[in-house]
Amino acid sequence: MNTPKGYVDTEYLQAMEKLLGRLKERTYSYMQIKTGDKVLDVGCGSGIDTIPLAQIVGSTGEVYGVDFDGTMVAEAEQRAEQAGLKAWVKHKQADATSLPFESDYFDSCRSERLFQHLLDPSLALNEMKRVTKPGGWIVVLDTDWGSASTDTIEIDLERRLTRFYTEHMLNNGYSGRQLYRLFKTHGLQEVANEVFPIVTTSYSIQRQVVGMNELEYEALAQGVITEDELRRILEDYEQADADGVFFCYGIQILMVGRKAGSL
């Protein structure tokens, strides 16, 4: 089955949940959620975040999650039902650039690692701003894949693969570094940011997070790297892993801003 560029599955989301748990909680705190609030998660996936958000707003609140993938939406709905939260947690299949909600509806909204997959993240941020009440907070966490780096003696090969992944395996691989400009040009107020390094010392986790099988196949097909070069860098990664010294990191950028006006 053909999948969209940058597509991720439930297994990937679960792996990222383990890596980003503390950052998820950080996004919730920046939303400044109160009991009874209406909040939105754009790009909700399988509902990993809508469930804890529902626990924060309580039964008098309302949580909506939207995702372009109907399979993810169905799984999110099932999760909400299993958690006993379905009365105030809803999930819809929708495009982030055309949200199916009235203007000024939500007290706050968030998006996590979605913009890297979008062809036009500006449209998505405009929609998030539209559906948020005046004075409400908009929070976006996204990746700057250009910052990713893995320790290896094959520095040139590692840089080639990183740039190829950032620019060709994703629609918007530099999304994290673009957030400040997006928030400012969309007129959001009190814009603030935090930068978080994400480190992994597990080669197997790194292969899963990046989707290295597909990356290697495409890099070979596009002539970015030769079979001999690929063999060399993989041997170096595998030896580092065997020696217990594999090291890789990347940067997550959290941006927050308030819609003009007051609640």
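This report concerns the structure included in the present document. Each residue is numbered by its place in its chain's sequence as written, counting from 1. Predicted model: local features are reported for residues with pLDDT of at least 70 only, side-chain atom pairs are reported and counted for 80 or more only, and whole-chain, interface and lining totals are derived from all residues. As a rule here, side-chain values cover all heavy atoms of the structure and leave hydrogens and water aside.

**What about the overall build of the protein chain?**
Okay, so step 1: A run of DSSP states H or I qualifies as a helix once it reaches four residues; a run of E qualifies as a strand once it reaches two. Both are numbered from the N-terminal end. Secondary structure summary: the protein chain contains nine helices and seven strands in total.
Okay, so step 2: In terms of overall dimensions, the protein chain is globule-like: its C-alpha atoms have a radius of gyration of 19 Å, near the 18 Å expected for 263 residues.
Okay, so step 3: Considered along the principal axes of its C-alpha atoms, the protein chain spans approximately 60 × 40 × 35 Å.
Okay, so step 4: Burial status follows relative accessibility: with a 1.4 Å probe on protein chains alone, a residue under 20% of its type maximum counts as buried, one over 50% as exposed, and anything between as partly exposed. Within the protein chain, buried positions represent 52% of all 263 residues.
Okay, so step 5: When contacts within the protein chain are restricted to residue pairs at least 6 apart in sequence, long-range pairs at least 24 apart make up 81% of them.
Okay, so step 6: In this description, accessible areas are obtained by the Shrake-Rupley approach with a 1.4 Å probe, and a residue is regarded as covered only by the protein chains that are shown. Accessible surface, the protein chain: about 12400 Å² in total, of which carbon and sulfur atoms supply 49%.
Okay, so step 7: Of the charged side chains in the protein chain, 27 are positive and 40 negative, and the gap between their average positions amounts to 8 Å. Within these notes, the globule rule equals 2.2 Å times the number of residues to the 0.38 power, and the radius of gyration is based on C-alpha atoms. It only takes one pair of heavy atoms within 4.5 Å for two residues to be counted as in contact. In this count, Lys and Arg are taken as positive residues and Asp and Glu as negative ones, while His and the chain termini are left out. In plain terms, the charge of a residue is placed at NZ if it is Lys, CZ if Arg, CG if Asp and CD if Glu.

**Some details on the sheet that holds strand 7 (residues 248-258)**
For sheets, the rule is that strands pair by backbone hydrogen bonds, running either parallel or antiparallel.
Okay, so step 1: Strands pair, by our definition, only if DSSP identifies at least two bridges between them. Taking strand neighbours across the sheet as the criterion, the seven strands line up as 3-2-1-4-5-7-6 in an open arrangement whose pairing is mixed. The sheet is open, and its two edges are formed by strand 3 (89-93) and strand 6 (189-200), each paired on a single side. Within the sheet, the average angular offset between the axes of one strand and its neighbour, ignoring direction, is 15°.
Okay, so step 2: Sheet topology places strand 6 next to strand 7; 10 bridges connect them, and they run antiparallel. Considered in strand 7, the bridge of isoleucine 198 is made with glycine 250.
Okay, so step 3: Here helix 4 (residues 121-131) sits on the sheet in contact with strand 1 (38-42), strand 4 (106-112) and strand 5 (132-150), set at roughly 155° to strand 5. Axes here mean lines fitted to C-alpha atoms, for a helix over just the part in contact, with angles spanning 0 to 180 degrees between N-to-C directions.

**Topic: the nonpolar core**
Okay, so step 1: Nonpolar core, defined: a set of buried Ala, Val, Leu, Ile, Met, Phe, Trp, Tyr and Cys residues in which side-chain atoms within 4.5 Å join the residues together. Of all hydrophobic cores here, the largest spans 27 residues; its most connected members are Leu40, Val42, Phe101, Phe115, Ile138 and Phe183.
Okay, so step 2: At the level of secondary structure, the elements contributing two or more residues to this core comprise strand 1, strand 2 (62-67), strand 4, helix 4, strand 5, helix 6 (175-185) and strand 7.
Okay, so step 3: In terms of residue count, helix 4 provides more of this core than any other element does, four residues in total.
Okay, so step 4: Of all hydrophobic cores here, the second largest spans 23 residues; its members include Ala148, Leu161, Phe164 and Met212.

**Things to note about a nonpolar patch on the surface**
Okay, so step 1: Residues enter a patch when their relative accessible area is above 30% and they make no salt bridge; the linking distance is 9 Å between like charges and 5 Å between nonpolar side chains (Val, Leu, Ile, Met, Phe, Trp, Tyr). Here, a salt bridge means any Lys or Arg side-chain nitrogen found within 4 Å of an Asp or Glu carboxyl oxygen. On the surface, a nonpolar cluster with roughly 250 Å² of combined accessible area is contributed by Val199, Phe247 and Tyr249.
Okay, so step 2: Secondary-structure assignment places tyrosine 249 in strand 7.
Okay, so step 3: Judged by relative accessible area, which is 33%, tyrosine 249 ranks as partly exposed.

**A few points about the packing of aromatic side chains**
Okay, so step 1: Here a Phe, Tyr or Trp ring, Trp counted by its six-membered ring, pairs with any other such ring whose centre lies within 6.5 Å, and the pair is stacked when the planes are under 30 degrees apart, edge-to-face when over 60, and tilted otherwise. All told, the structure shown has nine aromatic pairs when counted by the stated rule.
Okay, so step 2: A ring pair is formed by tyrosine 105 and phenylalanine 106, whose centres lie 5.0 Å apart and whose planes are at 80°; its orientation type is edge-to-face.
Okay, so step 3: Within the aromatic cluster, the residues linked to one another by ring pairs are Tyr64, Phe101, Tyr105 and Phe106.

**Comments concerning the packing of helix 8 (residues 212-221) against helix 9 (residues 227-243)**
Okay, so step 1: Running from N to C, helix 8 and helix 9 point in directions that differ by 155°, and their axes come no closer than 10 Å. By the angle between their axes, helix 8 is roughly antiparallel relative to helix 9. As helix 8 packs across helix 9, the resulting crossing turns out to be right-handed. Contact residues: Met212, Glu216 and Leu220 in helix 8; Glu227, Leu230, Leu234 and Tyr237 in helix 9.
Okay, so step 2: Throughout this entry, Asp, Glu, Lys and Arg are counted as charged residues, while Ala, Val, Leu, Ile, Met, Phe, Trp, Tyr, Cys and Pro are counted as nonpolar. The remaining residues, Gly among them, count as polar. Its residues assigned to classes, the contact of helix 8 with helix 9 shows five nonpolar, no polar and two charged. The scheme is simple: roughly parallel for angles under 35 degrees, roughly antiparallel for over 145, roughly perpendicular for 65 to 115, oblique for anything else. By definition, turning the near helix anticlockwise from the far helix through less than a right angle yields a left-handed crossing, and turning it clockwise yields a right-handed one.

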